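Residue-level structure breakdown
Spelled out from the first residue to the last, the chains are:
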Amino acid sequence: IAYYISLPIIYGFAIMPFWLLYFHSRIFYVILFYIIGYRKEVVMNNLRNAFPGKKESELYHIRKEFYKYFLDLILETLKTLSVSESSLRKRLRMEDTSLFEKYYNANQSIIIAMGHLGNWELGGARFAIEKFHKLNVIYHPLNNEYFERLIRKMRMRLGNGLIAMKDTYRDILKNRNKLTATAFIADQTAPRDKGYWTTFLNQDTAVFRGTAKIAKKMDYPVVYASVMRTKRGHYEITLTELVENPQLKTEEEILDLFTKKLEEDIQNNPPTWLWTHKRWKHKKPDSIANA
């Protein structure tokens, strides 16, 4: 019932022009931030731990700017149901595609490592309209089958593929003879006893090993992609070659390269990372901490 009630609202926002979308975004910001107070303490604690050198006034400012951006992000994401290719090219600039060209011309599949920074959903749609690799995105399927279908339609509308996280290696192995770019949005919370523990944003952090593990097993180079906001509703996508030959790196070295690059981007544009995420809910095991 909730799905059918919300569907007209979702598509209503999806077909709105961007200027009207942002008008509603500011209204929702006031409701979410000042009235509901959604996860305000979680966000503030995350910011305090990530930026211990910043004053409280600076952190409060970042928090407010984050919530404004958070509502923009949600409504911009709904636009993936209707956004045109011309609008994507206008709003998400990707000036340098030489890395894609390099591996496309070499008939080499790649791994793309990303974080929840900027608008990764619009970024995925923008990748879809390039002439190079077929983009497959690793994701967590939803339990609700109706909203799951909607999410799949949203993300696959322009030709991208989706791979459920539990099927990652099997699907990549099945498609090893195709030219693909497999995107890992790799800043989720990894299990306490299975993740690789490193330092990220001034805190002990468990990182999923999948990005590095698959890169080494398949011998796929790793490209870091950032989708950085330049102004409201506009982004610049940049590609960085993290690992050209994964066999010359350990899994841990690959993961450290990714987390350091993501950390650098977050520090340069802190309001556009997903601070509501309870990223540091696990504590480092004593066996690792005392090693």
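1. Let's talk about a nonpolar patch on the surface
On the surface, Phe23, Ile27, Val30, Ile31, Tyr34, Ile35, Ile36 and Tyr38 cluster together into a nonpolar patch covering about 790 Å² of accessible area. Mapped onto the elements of the fold, Ile27 is located in helix α2 (residues 18-36).

2. Section: empty space enclosed by the protein
Counted by the stated rule, this structure contains six cavities of 30 Å³ or more. What lines the largest cavity is a set of 17 residues, and nearest its centre among them are Trp120, Glu121, Gly124, Ala125 and Asn160. With six residues, helix α7 (residues 120-128) is the single largest residue contributor to the lining of the largest cavity. Looking at side-chain class alone, the lining of the largest cavity contains 11 nonpolar, three polar and three charged residues. In this structure, the second largest cavity spans a volume of roughly 60 Å³.

3. Structural notes on the nonpolar core
If you look at the biggest cluster of nonpolar residues, it comprises 76 residues, and the most contacted ones within it are Ile112, Phe127, Ile266 and Trp275. Ignoring sequence-local partners within four residues, the contact set of Phe127 consists of Met94, Phe100, Met114, Leu135, Ala225, Ile237 and Leu239. Tyr3, Met16, Tyr22 and Leu75 belong to the second largest nonpolar core, which has 13 residues in total.

4. Side note on the pairing of strand β2 (residues 110-114)
Burial analysis of β2 places five of its five residues in the buried class, the great majority of the element. Alternating positions in β2 separate into two faces, Ile110, Ile112 and Met114 on one and Ile111 and Ala113 on the other, with burial throughout. The pairing of β2 with strand β8 (residues 222-231) spans three bridges and is classified as parallel. Considered in β8, the bridge of Ala113 is made with Tyr224.

5. Observations concerning the side chain of Thr205
Its location among the elements puts Thr205 in strand β7 (residues 203-207). With relative accessibility at 1%, the residue Thr205 sits in the buried group. One polar contact links the side chain of Thr205 to the main-chain carbonyl oxygen of Gln203, over a distance of 2.9 Å. Polar side-chain contacts of Thr205 include one of 2.7 Å to the side chain of Trp280. If sequence neighbours within four positions are ignored, Thr205 has contacts with Tyr196, Trp197, Thr198, Phe200, Arg279 and Trp280.

6. As for the packing of α2 against helix α4 (residues 56-78)
As a packed pair, α2 and α4 sit with axes 8 Å apart at the nearest point and diverge in direction by 130 degrees. By the criterion of interaxial angle, the relationship of α2 to α4 is oblique. Classified by chirality, the crossing of α4 by α2 is right-handed. Between α2 and α4, the contacting residues are Phe18, Leu21, Tyr22, His24, Ser25, Arg26, Phe28, Tyr29, Leu32, Phe33 and Tyr34 on the first element and Arg63, Lys64, Tyr67, Lys68, Phe70, Leu71, Asp72, Leu75 and Glu76 on the second. Partitioning the contact of α2 with α4 into residue classes produces 12 nonpolar, two polar and six charged.

7. Concerning the environment of Arg155
Within the fold, Arg155 resides in helix α8 (residues 145-156). Overall, the relative accessible area of 25% leaves Arg155 in the partly exposed class. Placed 27 residues apart in sequence, Arg155 and Ala128 show a C-alpha to C-alpha distance of 9.6 Å. Those residues in contact with Arg155 that sit more than four places away from it in its chain are Glu121, Tyr139, Asn160 and Leu162.

8. What about the pattern of salt bridges?
Counted according to the given criterion, the structure contains 18 salt bridges. The closest approach of N and O atoms between Glu65 and Lys68, which form a salt bridge, is 3.3 Å. Residue Glu65 and its partner Lys68 are both found in helix α4; the two are separated by three residues, about one turn of the helix. Take Glu65: its relative accessible area is 25%, and that puts it in the partly exposed class. Its relative accessible area of 21% is what places Lys68 among the partly exposed residues. The closest approach of N and O atoms between Glu130 and Arg126, which form a salt bridge, is 2.6 Å. For the pair shown, Glu130 and Arg126 are each scored as buried. Through salt bridges that share partners, Lys166, Asp167, Arg170 and Asp171 make up one connected network.

Rules of the game
Residues numbered from 1 in each chain as written. Predicted model: local features only at pLDDT ≥ 70, side-chain atom pairs only at ≥ 80, totals over all residues. Heavy atoms only, no water. Patch = residues over 30% accessible without salt bridge, like charges linked within 9 Å, V, L, I, M, F, W, Y side chains within 5 Å. Areas by Shrake-Rupley, 256 points an atom, 1.4 Å probe, with all protein chains shown as cover. Salt bridge = Lys/Arg side-chain N within 4 Å of Asp/Glu carboxyl O. Helix = DSSP H or I, 4+ residues; strand = E, 2+ residues; numbered from the N terminus. 1 Å grid on protein atoms, 1.4 Å probe; cavity = no way out; pocket = protein on both sides within 12 Å on 5 of 7 lines; lining within 4 Å. Points joined across faces, edges and corners; volume = space filled by probe spheres on them. Nonpolar A, V, L, I, M, F, W, Y, C, P; charged D, E, K, R; others polar. Core = buried A, V, L, I, M, F, W, Y, C linked by side-chain atoms within 4.5 Å. Buried < 20%, exposed > 50% of the residue type's maximum accessible area, 1.4 Å probe, protein only. Contact = heavy atoms within 4.5 Å. Pairing = 2+ DSSP bridges. Polar contact = N/O pair within 3.5 Å; in protein donor to acceptor, adjacent residues only side chain to side chain. Axes fitted to C-alpha atoms, helices over the stretch in contact; angles between N-to-C directions. Parallel < 35°, antiparallel > 145°, perpendicular 65-115°, else oblique. Left-handed = near helix turned anticlockwise from the far one by under 90°.

These figures come from the coordinates and say nothing about function on their own.
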